[in-house]
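So you can see what is in the structure, the chains are spelled out below.
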Amino acid sequence: LKSVKIILLAGLFIFSACGKESDANDLKDNQVADMLYGPDGKANWDIFKEDLDYLLSQQKYEQILKKIKDYENAFPSNKIDLAFFKAVAYFGKGDLAQAKDLFKQTASHQDYAEQTYYYYGHIARKEGNAQEAEANYLKSYGYTKNPEVLSSLADLYHENKRNDKA
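Basis of the calculations
Residues numbered from 1 in each chain as written. Predicted model: local features only at pLDDT ≥ 70, side-chain atom pairs only at ≥ 80, totals over all residues. Heavy atoms only, no water. Helix = DSSP H or I, 4+ residues; strand = E, 2+ residues; numbered from the N terminus. Buried < 20%, exposed > 50% of the residue type's maximum accessible area, 1.4 Å probe, protein only. Contact = heavy atoms within 4.5 Å. Areas by Shrake-Rupley, 256 points an atom, 1.4 Å probe, with all protein chains shown as cover. Phe/Tyr/Trp six-rings, centres within 6.5 Å; stacked < 30°, edge-to-face > 60°. Expected span 1.5 Å × (residues − 1). Arc of directions from axis to C-beta. Salt bridge = Lys/Arg side-chain N within 4 Å of Asp/Glu carboxyl O. Polar contact = N/O pair within 3.5 Å; in protein donor to acceptor, adjacent residues only side chain to side chain.

Quick look at the overall build of the protein chain
Item 1. The helix and strand tally for the protein chain stands at 10 helices and 0 strands.
Item 2. Going from N to C terminus, the protein chain has its helices and strands arranged as α-α-α-α-α-α-α-α-α-α.
Item 3. A burial count over the protein chain gives 37% of its 166 residues as buried.
Item 4. Intrachain contacts of the protein chain at a sequence separation of at least 6 include 47% that bridge at least 24 residues.
Item 5. Carbon and sulfur atoms make up 50% of the accessible area of the protein chain, which amounts to about 10,100 Å² in all.

Looking at the packing of aromatic side chains
Item 1. A complete count under the given rule lists 15 aromatic pairs for this structure.
Item 2. Pairing Trp45 with Phe75 gives two aromatic rings, centres 5.3 Å apart and planes at 70°, and the pair type is edge-to-face. Separated by 30 residues along the polypeptide, Trp45 in helix H4 (residues 42-57) and Phe75 in the loop between helix H5 (61-71) and helix H6 (79-93) bring together distant segments of the chain. For the pair shown, Trp45 and Phe75 are each scored as buried.
Item 3. On the basis of an interplanar angle of 80° and a centroid distance of 5.9 Å, the ring pair of Phe48 and Tyr71 is categorised as edge-to-face. Highlighted residues: Phe48 in helix H4 and Tyr71 in helix H5, separated in sequence by 23 residues. Accessibility classification places Phe48 together with Tyr71 in one group, the buried group.

Brief notes about helix H8 (residues 110-126)
Think of an α-helix as turning once every 3.6 residues; residues three or four places apart then point the same way.
Item 1. A rise of 1.5 Å per residue sets the reference length of H8, with its 17 residues, at 24 Å; its end C-alpha atoms lie 25 Å apart and thus fit the reference within 8%.
Item 2. In terms of burial, H8 is a largely internal element, 12 of the 17 residues being buried.
Item 3. All of the buried residues in H8 are Tyr112, Ala113, Glu114, Thr116, Tyr117, Tyr118, Tyr119, Tyr120, Gly121, His122, Ile123 and Ala124.
Item 4. Following H8 by one or two positions, Gly128 adopts a phi angle in the positive range, close to 85°.

Considerations on H5
Item 1. Among all positions of H5, only Tyr61, Ile64, Leu65, Lys67, Ile68 and Tyr71 are buried. In a view along the axis of H5, the buried residues occupy a sector of 165°, so they form one face of it. Away from the buried face of H5 by more than 90 degrees, exposed residues Glu62, Lys66 and Lys69 are located.

Examining the pattern of salt bridges
Item 1. On inspection of all chains with the given rule, the structure shows 6 salt bridges.
Item 2. A salt bridge links Lys66 to Asp70; the shortest N-O distance between them is 2.7 Å. Taken together, the residues span about one helical turn, with Lys66 and Asp70 both in helix H5 at a distance of 4 residues.
Item 3. What makes Lys66 exposed here is its relative accessible area of 51%.
Item 4. For Lys100, the salt bridge identified is with Glu127, shortest N-O distance 3.2 Å. Of this pair, Lys100 sits in helix H7 (residues 96-106) while Glu127 is found in the loop between H8 and helix H9 (130-144), placing the two residues 27 residues apart along the sequence.
Item 5. Overall, the relative accessible area of 28% leaves Lys100 in the partly exposed class.
Item 6. For Glu127, a relative accessible area of 42% puts it in the partly exposed group.

Some points on the environment of Ser77
Item 1. One can find Ser77 in the loop between H5 and H6.
Item 2. Given a relative accessible area of 69%, Ser77 falls into the exposed group.
Item 3. It is 9.7 Å that separates the C-alpha atoms of Ser77 and Trp45, two residues lying 32 residues apart in sequence.
Item 4. Reaching out from Ser77, the side chain makes a polar contact with the side chain of Asn78 at a distance of 3.4 Å.

Purely spatial values, then, with no claim about function.
Quick look at the structure:
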């Protein structure tokens, strides 16, 4: 699958290098996405999301933001998913205000609520607001009982000399 993407990208490069730049630039976002991620349907979103997950695991935040900017019009039904990935990328870059703003879009969606509140906890912690961080970590933990949340809570309690809770 990755080799198919490489071949398609190489084709686009050759196409644009042959003086057809204006033609290549005229391709709509969804046409390019179809070439890279397959024709319509759920499969193309799944492959695109897999690429974003990989970039996230590699902490390639700028690449995530660029990829989303380049293809977000190709995935109009995935606006919440894209907002979550953008929020995580901005958080990773240290742009807490932008991350917070984007996480507002994902907090009320079941698929992302647990992770959103977990990140809200991290943001509040970085901003020095221990009470807000604790409240968000506890809210996050209420969704899935994720042990990572407990670890973050313990760290928060330790940082704030509340070892009785840690």
